[in-house]
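Structure assessment
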Amino acid sequence: MSQHSFESICAILRCTSAEFSSVYDSDNLSTNTLCNDALDVIVQNHEHLRAAEQRYRLDISLIAMLNHAPRECGKRYIAVALRIAGDKGGATVVDIARAWMDYLFFLVLGLSAVDTGSSCNYPTPTQSKSGQGPLREKVATREQHKCAITGTIDRTYIEKLRGQSLEAPPGFERSTDMAVAHIIPVALLVNFAKNPTEPIVVHTRNMLISWTGLDAKKLSGSPADMARKRSRIAHSTKKKKKKKKLSGLKTNSPENAILMTPEEHCSFGQLDIYFDKGAHSTAPNKYTVRIATNFLKLSNGRASAEVEFHMRDGVQPPDPEYLAIHAAFAKVMNTCGAAGAFTGGTEDLEDDAAL
């Protein structure tokens, strides 16, 4: 992993990237050892973390980030940061915990709300619509014109069949309008492309790469690439050309999109539901849709769903890495109660269950 992605956390820790990397790259410190040491740091600073935030559990957020990092490199990143923070004192441990929540988790959830605004009835006039027409057609073809989670039929497809005097498929009575849900919010990638040097954007991008292990190229390239993309957008004088540039972001593709009912789209964007690989490790595109909150059910009344994606007409299934990242965010945000704090809900947390 590039030292550049460590720069944001190093600024908060008040250490150099070289100092951070010397621990991160050490062959004498296994990830398991570093994680155990990190848990000790969390326990030792338990009271500081509890006192610093009343809306959700900062201490549990750190444990969840260790437990649910999409890759081992992400666990190691969190553990090294906590090791250095622990040496500097409780205030620094609180500072990095807050930074991860503010710059990474809350910001990503907020931009996800921009993408899901219409489904959740939010007043979000700026929500991203780039590429929705062609993208919707591709994803609807792959999903056979049904919600990938509930199997509800797309009303637009029914209307198209009727317009061609064709027979509607069984279950058409339960048809409804569909929405294209982005796994990684397109608004996040647009933000990266338009504002590549803004401190908050830099912190979010660095932390996202460091914790998830996501290849920077999947975020539409390096900061320099995004700066060039921004320059092309700024100097474009034709509206159609500008739209084309925005719709070309790598995550605005079928690999980052799923067809859902508006209800599932809203729940997915709020991290209330996620695709869990779990017991399907041998089936590359099969998942169990799980609900992260106790009081929620899917729009068909069920508490879970088994979903398997297939490539159809050349349209690729959703990227498993993107789905794993979304699931990790959902687990962290709901385990510590931050998702409920963001949406105004409340969660029952066992006081010290994670400790």
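Look a little higher up for the structure.
Residues numbered from 1 in each chain as written. Predicted model: local features only at pLDDT ≥ 70, side-chain atom pairs only at ≥ 80, totals over all residues. Heavy atoms only, no water.

All right, on to the packing of helix H6 (residues 72-88) against helix H11 (residues 199-212) then. At their nearest, the axes of H6 and H11 sit 6 Å apart, and the two run at 120° to each other. Contacts from Cys73, Gly74, Tyr77 and Ile78 of H6 reach H11 at Met207, Ser210 and Trp211. (Axes fitted to C-alpha atoms, helices over the stretch in contact; angles between N-to-C directions. Helix = DSSP H or I, 4+ residues; strand = E, 2+ residues; numbered from the N terminus. Contact = heavy atoms within 4.5 Å.)

Here the focus is the environment of isoleucine 60. In this fold, isoleucine 60 is placed in helix H5 (residues 58-68). Exposure remark for isoleucine 60: the relative accessible area of 4% places this residue in the buried category. Here the alpha-carbon distance between isoleucine 60 and glycine 337, two residues 277 residues apart in the chain, equals 8.9 Å. (Buried < 20%, exposed > 50% of the residue type's maximum accessible area, 1.4 Å probe, protein only.)

Before going further, it helps to spend a moment on the packing of aromatic side chains. Evaluation of the coordinates by the stated rule reveals 14 aromatic pairs. Geometrically, the ring pair formed by phenylalanine 268 and phenylalanine 275 is edge-to-face, given 5.9 Å between the ring centres and 75° between the ring planes. Taken as a pair, phenylalanine 268 and phenylalanine 275 share a single burial class, namely buried. Both rings, one in tyrosine 287 and one in phenylalanine 309, keep their centres 6.2 Å apart while their planes meet at 65°; by these two values the pair is edge-to-face. With a gap of 22 residues between them, tyrosine 287 in strand E4 (residues 286-291) and phenylalanine 309 in the loop between strand E5 (305-308) and helix H15 (320-335) connect regions that are remote in the sequence. Taking relative accessible area as the criterion, tyrosine 287 reaches 2% and is therefore assigned buried. Accessibility expressed as a relative area gives 4% for phenylalanine 309, which makes it buried. (Phe/Tyr/Trp six-rings, centres within 6.5 Å; stacked < 30°, edge-to-face > 60°.)

Here we take up unusual backbone geometry. Phi is positive for arginine 14, close to 60°, though the residue is something other than glycine. Looking at where arginine 14 falls in the secondary structure, it is placed in the loop between helix H1 (7-13) and helix H2 (17-24). Phi is positive for histidine 145, which is not a glycine, with a value near 60°. Mapping histidine 145 onto the fold places it in the loop between helix H8 (132-142) and helix H9 (155-163). Overall, histidine 145 belongs to the partly exposed group, its relative accessible area being 22%.

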